[in-house]
Protein chains: 2
Amino acid sequence: MSVATVSRTLNNQETVDADLADRVRAAAAELGYRRNGLARSLRLQRADVWALIISDIANPFFTAIARGVEDVAQREGFSVVLCNTDEDPAKEAQYLEVAEQEQVSGVILSPNEIGSDISQLTRLGVPVVAVDRPLRERVDSVLVRSAAGAQEATEHLIDAGWRRPACITGPETAQTAIQRLTGYRRALVARKKRPAASLVRHADYRADRAATATAELMDGRNPPDSFFVANSEMALGVLQELRRRGLRVGEDVGLVAFDNAPWTAFTDRPLSVVAQPAYEMGVLAGELLIERVGVPLDQQPAPRVRRLPTELIVRGSSLRP
Amino acid sequence: MSVATVSRTLNNQETVDADLADRVRAAAAELGYRRNGLARSLRLQRADVWALIISDIANPFFTAIARGVEDVAQREGFSVVLCNTDEDPAKEAQYLEVAEQEQVSGVILSPNEIGSDISQLTRLGVPVVAVDRPLRERVDSVLVRSAAGAQEATEHLIDAGWRRPACITGPETAQTAIQRLTGYRRALVARKKRPAASLVRHADYRADRAATATAELMDGRNPPDSFFVANSEMALGVLQELRRRGLRVGEDVGLVAFDNAPWTAFTDRPLSVVAQPAYEMGVLAGELLIERVGVPLDQQPAPRVRRLPTELIVRGSSLRP
DNA sequence: TTGTAGGCGTTATCAA
DNA sequence: TTGATAACGCCTACAA
């Protein structure tokens, strides 16, 4: 028989005789034949692969997103290749180029910078979905209402009786860090308090920097009595420094942090957190992508932005005795 | 000029006139040309890509391995596609097939089962490195001296004054779980204690199962006064159940767990842990792979097994007041 | 329903 | 030093 018949059989086309098809399949199984995905993709001008480019594989928030993306991809018949940029713009650029060279049919990206250059991809018609962080270029985006979540958390601190909440947020270049700071400030205004720059620190989303920031704040002239912290990594640093000073969270000091990391329920006191719907974000990003892959450029929808709400989970650390 | 000249230029071959080469590069830049990686790989019969197939992306141990692998790969000019099997043998089989179809030049795998079928890959001459868990098939492996680490941890509990250490380990099918249980038993023997089956539980490496196991043990006729726990995920479950009972770790109960997860230093008391050299394991796996990719089958070294030591880090949770 | 043949974008061989 | 050309393995229009 001919290669065409084999190809048709293996692609489950109707136009092949059942008996013949069976013989093909039997032979394929016998010989352990696997088709060459490279050749197939080259011919088809598309690979059934998505690139998921995330900025920190060690962060449970991003791994939860990855799981969401993966589940959608699997359901729709795509493989996901996961790339980790470690917050390094150079690595990000490299992986974007790899995605292009490998002709992936879609990219989901948590950009390191709002200006990350995806123009090559879009020019080629490869759909891109931004996740967690916005992109200047107009593409589908799945974001979180960070400011609202930060505001709710900070207001909760004040309503629980704390009088001077400080804010430890991420780097000044990160949109999420800026938004969380904005939310913190809005909460102070809403509760008739004067936002003080001396109560704010940018600690690059890292634990050790957060510990240092905490020490600075506590050693200041008018130290805070509570903390709103913009991610769980930094919360570890804050906890460490407070313990070093013999201060108990939920007792001597109030604390709320972003991200419902698995361990947050197990510290002493259990951490009050602003939970982000990370898994759902991944699912949504995948679904937005699905609606674009294989769709001609002139029939594509306008860029869509989905903003998901956070959920404040009150545990012990934010309450006053 | 011809495509051949362009190809030679872009591959930095010497045999092309400098002026011409400059014109090629200028034109390429102008047009935003990117070579098609698929076509290249098809022609070359190899893709400069490794598949890293891990069993749980949410586990910091595996993400640390991934970073190690990535760093080596980057250094050597390979991309890494990361695949997450979620401990699901079906997903693992699917990703192994994808790796084969995409003609990756190497695979690093933490197998779900010792019997995972990699014969297709090896038959095609694609080198495979097993990491964290052994494979029945004889391939390069990077393992940890789990039993020794478990024994050291358990002996440390006893030496600290605890009299009845229990063991909460992983599923009976997992080699790592079996080895850690073995180490626990050896410690008891070495310290002249009778290992009792009633003090051992298999909790599938999951927090909720570990919490249940802890409850069972504590409600038993002769409850333990301390715990050796085979991973950090389960340690969270143990901590939760102990707190529910008003018991303080490092005070009323002793606790040592495998894995130096980022949060373990921040619980109350800080957790004593058996640290695994996860990042180094990734690096080593990558280096073993490097020595095989591109090497003809008949010149390949015999399968090598590297066993790395653990390190006991004593913090507060394992000490008696 | 089946077979033939062209081409996807590269790289490598050979001749010029 | 350069160019023409034949693969790599696959899918598909077209012919039979």
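Keep in mind that this is a model prediction, so the values were computed, not measured.

Novice: What's the story with the protein's contact with DNA strand C in this structure? I'm lost.
Specialist: Taken together, 24 residues sit near DNA strand C, with T5 of chain A together with S7, Y33, R40 and R43 of chain B positioned nearest. Counted by atom, the contact set of DNA strand C within 4 Å of the protein is 66% sugar and phosphate. Between DNA strand C and T5 of chain A there is a distance of 2.6 Å, counted from a phosphate oxygen to a side-chain nitrogen or oxygen. Between DNA strand C and the protein, one listed contact pairs a base nitrogen with a backbone N or O atom of A39 of chain B at 3.4 Å. Secondary-structure elements contributing two or more residues to the surface near DNA strand C are α1 (3–10) and α3 (37–44) of chain A together with α1 (3–10) and α3 (37–44) of chain B. With four residues, α3 of chain B is the largest single contributor of residues to the surface near DNA strand C. Taken together, the residues of the surface near DNA strand C sort by class into nine nonpolar, seven polar and eight charged.

Novice: Help me understand the domain arrangement of chain A in this model?
Specialist: Size of an interface: often given as the accessible area lost when the parts come together. Parsing chain A into structural domains produces domain 1 (3–35), domain 2 (39–144 + 278–308) and domain 3 (146–276 + 312–318). Distance from the C-alpha centre of domain 1 of chain A to the C-alpha centre of domain 3 of chain A: 61 Å.

Novice: How should the UniProt feature "domain: HTH lacI-type" (unreviewed entry) in chain A be read in this particular structure?
Specialist: Taken from the UniProt record, the annotation "domain: HTH lacI-type" (unreviewed entry) applies to residues 1–44 of chain A. In the segment residues 1–44 of chain A, helix accounts for 68% and strand for 0%; the C-alpha atoms at its two ends are 23 Å apart.

Novice: Where do I start with the nonpolar core in this structure?
Specialist: Side chains of a nonpolar character, in soluble globular proteins, are inclined to be buried together. Ranked by internal contacts, the top residues of the largest apolar core, which has 89 residues, are I168 and F227 of chain A together with I168 and F227 of chain B. If we ignore the near neighbours within four places in the chain, the residues touching I168 of chain B are R201, A203, A210, A213, T214, L217, F227, F228, V229, A230, M234 and V238 of chain B. Ranked by size, the runner-up nonpolar core spans 56 residues in total, among them L288 of chain A together with I54, I108 and V144 of chain B.

Novice: Even after reading the chapter, I still don't get the side chain of R292 of chain A, so can you show me in this structure?
Specialist: All names here are of chain A. For R292, the location among the structural elements is in the loop between α11 (278–290) and β11 (305–308). According to the relative accessible area criterion, R292 is buried, its value standing at 9%. There is a polar contact of 2.6 Å between the side chain of R292 and the side chain of D140. A polar contact of 3.1 Å, which involves the side chain of R292, links it to the backbone oxygen of P301.

Novice: I tried to follow the sheet that holds strand β8 (residues 226–229) of chain A on my own but got confused; where do I start?
Specialist: Within a sheet, each strand pairs with its neighbour through backbone hydrogen bonds, oriented either parallel or antiparallel. All names here are of chain A. Judged by pairing direction, the sheet is mixed, and its six strands sit side by side in the order β7-β6-β8-β9-β10-β12 without closing on themselves. Strand pairing shows two members of the sheet lacking a second neighbour, β7 (200–202) and β12 (311–313), which therefore form its edges. Direction aside, neighbouring strands of the sheet carry axes that sit 15° apart on average. Pairing between strand β6 (residues 165–169) and β7: three bridges, direction parallel. Bridge pairing in β7 places I168 opposite R201. Sheet contacts for helix α7 (residues 146–159): β6, β8, β9 (254–258), β10 (272–275) and β12; angle to β9, the most-contacted strand, approximately 170°. Against the sheet, helix α10 (residues 232–244) makes contact with β6, β8 and β9, and its axis sits at roughly 155° relative to β8, the strand it touches most.

Novice: I would appreciate a short explanation of the relation of the copies chain A and chain B in the present structure.
Specialist: Both copies of the chain are related by a screw-like operation: a rotation about an axis and a shift along it. Of the transformation superimposing chain A on chain B, the axial component is 0.0 Å and the angular component is 180°, with the fit at an RMSD of 0.1 Å. Seen this way, the second copy is the image of the first under a two-fold rotation axis. The overlap is high: 100% of the interface residues of chain A also sit at the interface in chain B, so the same surface is used on both sides.

Thresholds applied
- Residues numbered from 1 in each chain as written.
- Chains lettered and ligands numbered in written order.
- Predicted model: local features only at pLDDT ≥ 70, side-chain atom pairs only at ≥ 80, totals over all residues.
- Heavy atoms only, no water.
- Near = heavy atom within 4 Å.
- Polar contact = N/O pair within 3.5 Å; in protein donor to acceptor, adjacent residues only side chain to side chain.
- Helix = DSSP H or I, 4+ residues; strand = E, 2+ residues; numbered from the N terminus.
- Nonpolar A, V, L, I, M, F, W, Y, C, P; charged D, E, K, R; others polar.
- Domains from an automatic or database assignment.
- UniProt positions renumbered as here; feature names shortened; annotations may be inferred.
- Core = buried A, V, L, I, M, F, W, Y, C linked by side-chain atoms within 4.5 Å.
- Buried < 20%, exposed > 50% of the residue type's maximum accessible area, 1.4 Å probe, protein only.
- Contact = heavy atoms within 4.5 Å.
- Pairing = 2+ DSSP bridges.
- Axes fitted to C-alpha atoms, helices over the stretch in contact; angles between N-to-C directions.
- Least-squares fit on C-alpha atoms with pLDDT ≥ 70 in both.

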